[in-house]
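# A closer look at the structure
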Amino acid sequence: MSDRESNNGSAERRLGVFKTYKLYVGGKFPRSESGRVYEVTDSKGQWLANAPQSSRKDARDAVVAARKAFGGWSGATAYNRGQVLYRVAEMLEGRKDQFVREVAASEGLSKSKAAAAVDAAIDRWVWYAGWTDKIGQISGGANPVAGPFFNLSTPEPTGVVAVLAPRKSSLLGLVSVIAPVIATGNTAVVVASADAPLPALSLGEVLATSDVPGGVVNILSGVTAELAAPLAAHQDVNAIDLTGADSALAKELEIAAADNLKRVLRPGQVDADGASDSTDWSASPGTHRLTAFLETKTVWHPTGALGAAGSSY
């Protein structure tokens, strides 16, 4: 047998290397603490991969990682955060083909429509990157007061935000809920779509190879209700985005979130099957998600009196 025939025979017998999807917590890629996985299928019911099924312990670990990262991330300059978000867009651009395949399989889209969704997700990162050092100008400033005082309001990040990712828009919707949270200095614990988690888990690989500090974004996959309940009740979670919850689950989580006065971003329009993520993610996002998880700090400072006449400035 010739070398060529031998090589061809080896190639025909070669087994493909399947991708192992893992969680993204604290800048690392752990398997689920429980060791559980579940099957992810495409729109036709064909097997795509085994995704880790996160446990409540994984959710608590993600909150610890997010809290640890909050000080450094919120203390970074807004300009620096913008640079980091832009770097994520660069890395997504370089792995576009992979995400087109995953989005097409996850959402049952044609290749051209999946490519358009991925392009829009990359552009969305760039859009939010540009807002990091500008949002303070529209959500803060000097307030007119009667008296010899300066009165200044400035926005500050809320803290650790739990995000329930959209159930249907596996990448564009995902980016649209993560980017504004971290652009404003918060850290995030993200529960990926249970039906289409693969683009979210791959996004963790992009974040790890960008300049995003470990713990700023933590991505979990599994049963949304199973993970959302402990996050909504967690005393070290400061806010929760209910986008990926159906109406019944959202009500339960709002009640749990009230225990420590979490900020709650309520789901929008509910569609026929009870999903609350009927948002048109391709539309201009506006700034409401940027301001949803900001606190306003107002400082009063006396101006003092000037001159013999007692005038003030």
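Residues numbered from 1 in each chain as written. Predicted model: local features only at pLDDT ≥ 70, side-chain atom pairs only at ≥ 80, totals over all residues. Heavy atoms only, no water.

Before going further, it helps to examine the environment of threonine 187. By the element assignment, threonine 187 lies in strand S6 (residues 187-191). A sequence separation of 124 residues divides threonine 187 from valine 63, and the C-alpha atoms of the two residues are 9.2 Å apart. Sequence-distant contacts of threonine 187, that is, excluding residues within four places in its chain, are made with Ala66, Ala69, Phe70, Trp73, Gly159, Val160, Val161, Val181, Gly215 and Val216. Among the polar contacts listed, one links the side chain of threonine 187 to the backbone oxygen of alanine 66, at a separation of 3.0 Å. (Helix = DSSP H or I, 4+ residues; strand = E, 2+ residues; numbered from the N terminus. Contact = heavy atoms within 4.5 Å. Polar contact = N/O pair within 3.5 Å; in protein donor to acceptor, adjacent residues only side chain to side chain.)

Moving on, we get to the layout of surface pockets. In this model, the second largest pocket occupies a volume close to 190 Å³. Considering the residues around the second largest pocket, the lining is formed by 17 residues, among which Thr20, Tyr21, Arg31, Val37 and Asn50 are closest to the centre. Broken down by element, the lining of the second largest pocket gets its largest block of residues, five residues, from strand S2 (residues 47-52). Here the residues of the lining of the second largest pocket are counted per class, giving nine nonpolar, four polar and four charged. (1 Å grid on protein atoms, 1.4 Å probe; cavity = no way out; pocket = protein on both sides within 12 Å on 5 of 7 lines; lining within 4 Å. Points joined across faces, edges and corners; volume = space filled by probe spheres on them. Nonpolar A, V, L, I, M, F, W, Y, C, P; charged D, E, K, R; others polar.)

Quick look at the confidence of the model for the protein now. Close inspection of predicted coordinates is inappropriate for parts of the model with low pLDDT. Model confidence for the protein is summarised by a mean pLDDT of 89, while 89% of its residues fall at 70 or above. In the model, residues 269-276 has pLDDT below 50 throughout and makes 24 contacts with residues more than four positions away in sequence or in other chains. (pLDDT = per-residue confidence, 0-100.)

A few words on the pattern of salt bridges. Enumeration according to the criterion identifies 13 salt bridges in this entry. Across the pair aspartate 61 and lysine 57 runs a salt bridge, and its minimum N-O distance is 3.0 Å. Of this pair, aspartate 61 and lysine 57 both sit in helix H2 (residues 56-75), separated by four residues, roughly a single helical turn. With relative accessibility at 31%, the residue aspartate 61 sits in the partly exposed group. Overall, lysine 57 belongs to the partly exposed group, its relative accessible area being 34%. For aspartate 133, the salt bridge is made with lysine 134, and the minimal N-O distance between the two is 3.1 Å. (Salt bridge = Lys/Arg side-chain N within 4 Å of Asp/Glu carboxyl O. Buried < 20%, exposed > 50% of the residue type's maximum accessible area, 1.4 Å probe, protein only.)

As a further point, take the nonpolar core. Counting 59 residues, the largest nonpolar core has Trp125, Ile182 and Val190 as the members making the most contacts within it. The element best represented in this core is helix H7 (residues 172-183), accounting for nine residues. When sequence neighbours within four positions are dropped, the list of residues in contact with isoleucine 182 reads Trp73, Arg81, Leu85, Trp125, Ala188, Val216 and Val217. One finds Ala65, Ala162, Val189 and Ile240 within the second-largest nonpolar core, a separate group that totals 26 residues. (Core = buried A, V, L, I, M, F, W, Y, C linked by side-chain atoms within 4.5 Å.)

With that settled, consider unusual backbone geometry. Although it is not a glycine, leucine 261 adopts a positive phi angle of roughly 55°. Structurally, the position occupied by leucine 261 is in the loop between helix H10 (247-257) and strand S9 (263-265).

Bringing the pairing of S2 into the picture now. Note: strand S1 (residues 37-41) against S2, five bridges, orientation antiparallel. Among the inter-strand pairings, valine 37 is bridged to a residue of S2, identified as proline 52. Linkage of S1 to S2, two consecutive antiparallel strands, is achieved through a turn of five residues, within which glycine 45 is found at a positive phi near 85°. (Pairing = 2+ DSSP bridges.)

Tracing the chain through its elements places serine 221 in the loop between strand S7 (217-220) and helix H9 (224-233). Given the relative accessible area of 0%, serine 221 is considered buried. Not counting chain neighbours up to four residues away, the residues in contact with serine 221 comprise Leu23, Tyr38, Ala51, Pro52, Gln53, Ser54, Pro197, Leu201 and Leu227.

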